[in-house]
Amino acid sequence: MIGRLNHVAIAVPDLAAAAAQYRDTLGAKVGAPQDEPDHGVTVIFVELPNTKIEFLHPLGENSPIAGFLEKNPAGGIHHICYEVEDILAARDRLKAAGARVLGSGEPKIGAHGKPVLFLHPKDFNGCLVELEQV
Ligand SMILES: C[C@@H](C(=O)O)C(=O)SCCNC(=O)CCNC(=O)[C@H](O)C(C)(C)COP(=O)(O)OP(=O)(O)OC[C@H]1O[C@@H](n2cnc3c(N)ncnc32)[C@H](O)[C@@H]1OP(=O)(O)O
Ligand SMILES: [Co+2]
């Protein structure tokens, strides 16, 4: 059911510093900051030949990543995003298998303008999983 790895997200305390490090030290192609108010984060995408890295920083009150950054003040890997062809079919199959779909359970439009859902990290080996319909 899951397809390609769309991105690996890293929560960072300083977006500009992370962007400069990946651009200048690692020599990566780094995009511009993008506010995602519906998700409570500002994101920057790093384009790699085979996937993307998504830097995350809290935006506004009640950001879903605020607690994670409090526990991991230096930052850390926050989630991985797998592509699916049919996000509602994927959601229903996962729910039937007992996995907890986060939020309202309905897909939201993600940073790429496509529907996304999140699955509870405790149901996936301690790793928060994002699904993106491509
Ligand atoms: C723009 C979009 C896109 O790409 O298109 C995005 O990615 S938006 C990316 C941001 N959006 C999201 O992350 C939306 C989905 N996330 C959420 O709903 C939340 O972040 C939760 C995953 C439910 C965690 O919320 P919160 O930290 O408030 O809950 P909590 O402190 O009670 O945590 C419950 C337990 O899960 C652990 N926990 C929390 N976040 C975790 C993470 N990212 N990876 C692994 N474990 C994690 C905590 O340490 C705790 O474990 P212990 O009890 O053992 O200590
Ligand atoms: Co993401």
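Just so we're clear, the structure is a prediction, and the values are computed from it rather than from any experiment.

**Q** Any chance you could break down the site of ligand 1 for me, citing the residues and the numbers?
**A** In the neighbourhood of ligand 1, 19 residues make up the surrounding shell, with Glu54, Pro64, His78, Ala111 and Lys122 lying closest. Protein chains bury 69% of the 1100 Å² of accessible surface belonging to ligand 1 in isolation. For ligand 1, the cavity whose grid points lie within 2 Å of the majority of its atoms is the largest pocket. Taken together, the elements giving at least two residues each to the shell around ligand 1 come down to α2 (66–71), β6 (76–84) and β9 (128–133).

**Q** Describe the packing of aromatic side chains, with residues and values.
**A** Tallied over the entire structure, the rule returns one aromatic pair. Seen from their ring centres, Tyr22 and Phe55 are 5.0 Å apart, and the 85 degrees between their planes marks the pair as edge-to-face. Of this pair, Tyr22 sits in helix α1 (residues 15–25) while Phe55 sits in strand β5 (residues 52–58), and the two are 33 residues apart along the sequence. The exposure classification of Tyr22 matches that of Phe55, with both residues buried.

**Q** Any chance you could break down the confidence of the model for the chain for me, citing the residues and the numbers?
**A** Mean pLDDT over the chain stands at 98; residues scoring 70 or higher make up 100%. Confidence estimates for the predicted assembly give a pTM of 0.98 and an ipTM of 0.98.

**Q** How would you summarise the UniProt feature "domain: VOC" (unreviewed entry) in the chain if you had to cite specific residues and measurements?
**A** Mapped onto this numbering, the UniProt entry gives "domain: VOC" (unreviewed entry) at residues 4–134. End C-alpha atoms of residues 4–134 are separated by 10 Å, and the span's content is 21% helix alongside 37% strand.

**Q** Give a detailed account of helix α3 (residues 87–96), specifying residues and quantitative values.
**A** When α3 is considered as a whole, its buried residues turn out to be Ile87, Ala90, Arg91 and Leu94. Take α3 and look down its axis: the buried residues cluster within an arc of 100 degrees, on one side only. Of the residues in α3, the exposed ones pointing more than 90 degrees away from the buried face are Arg93 and Ala96. Its buried side turned inward, α3 meets β6, β8 (115–119) and β9. Capping of α3 at its N-terminal end is provided by Asp86; its side-chain oxygen lies 3.2 Å from the backbone amide nitrogen of Leu88. Gly98, located one to two residues past α3, shows a positive phi value of around 95 degrees.

**Q** Break down the environment of Ala32 for me, with residues and values.
**A** By the element assignment, Ala32 lies in the loop between β2 (29–30) and β3 (34–36). Distance in space between the C-alpha atoms of Ala32 and Cys127 is 26 Å, their sequence separation being 95 residues. The contacts of Ala32, once residues within four sequence positions are left out, are Val43 and Ile44.

**Q** Which residues make up unusual backbone geometry, and what values do they have?
**A** In this structure, Asn62 takes a positive phi of about 60 degrees despite not being glycine. At Asn125, a position not held by glycine, the phi torsion is positive, near 60 degrees. By secondary structure assignment, the location of Asn125 is in the loop between β8 and β9.

**Q** Any details on the nonpolar core? Residues and values, ideally.
**A** With 14 residues, the main nonpolar core has Tyr22, Val30, Val46 and Phe55 as its most contacted residues. Only β1 (5–11), α1, β4 (41–47) and β5 provide two or more residues apiece to this core. It is α1 that contributes the most residues to this core, four residues altogether.

Rules and cut-offs
Throughout, residues of each chain are indexed from 1 in the direction in which the sequence is written. To label them, take the chains in the order written and letter them from A, then take the ligands in the order written and number them from 1. Owing to the predicted nature of the model, reporting of local features is limited to residues with pLDDT of at least 70; listing and counting of side-chain atom pairs is limited to 80 or more, with chain, interface and lining totals taken over all residues. Working from all heavy atoms in the structure, the side-chain values ignore hydrogens and water. Think of it this way: one heavy atom of a residue within 4 Å of a molecule or strand is enough to make that residue near it. Note that accessible areas follow from Shrake-Rupley with a 1.4 Å probe, and for residues the cover is restricted to the protein chains shown. Only protein atoms enter the 1 Å grid used here, on which a cavity is any set of points holding a 1.4 Å probe that cannot leave and a pocket is any open set flanked by protein within 12 Å on both sides along at least five of seven lines; residues with an atom within 4 Å of a point are listed as lining. Think of it this way: a molecule belongs to a cavity or pocket when more than half its atoms come within 2 Å of the grid points there. Numbering of helices and strands runs from the N terminus; a helix is a DSSP stretch of H or I covering at least four residues, while a strand is a stretch of E covering at least two. Here a Phe, Tyr or Trp ring, Trp counted by its six-membered ring, pairs with any other such ring whose centre lies within 6.5 Å, and the pair is stacked when the planes are under 30 degrees apart, edge-to-face when over 60, and tilted otherwise. When a residue's accessible area, from a 1.4 Å probe over protein chains only, is under 20% of the maximum for its type it is buried; when over 50% it is exposed; and in between it is partly exposed. As a per-residue measure, pLDDT reflects the predictor's confidence and takes values from 0 up to 100. UniProt positions are given in the numbering used here, feature names are shortened, and annotations may be inferred rather than shown by experiment. By arc we mean the arc of the directions from the helix axis to the C-beta atoms, nothing more. Every residue pair with non-hydrogen atoms within 4.5 Å of one another is taken to be in contact. For the purposes of these results, a polar contact is taken to be a pair of N or O atoms within 3.5 Å, where, inside protein, one atom must be able to donate a hydrogen and its partner to accept one; residues adjacent in sequence count only when each atom of the pair is a side-chain atom. In these notes, a set of buried Ala, Val, Leu, Ile, Met, Phe, Trp, Tyr and Cys residues joined through side-chain atoms within 4.5 Å is what counts as a nonpolar core.

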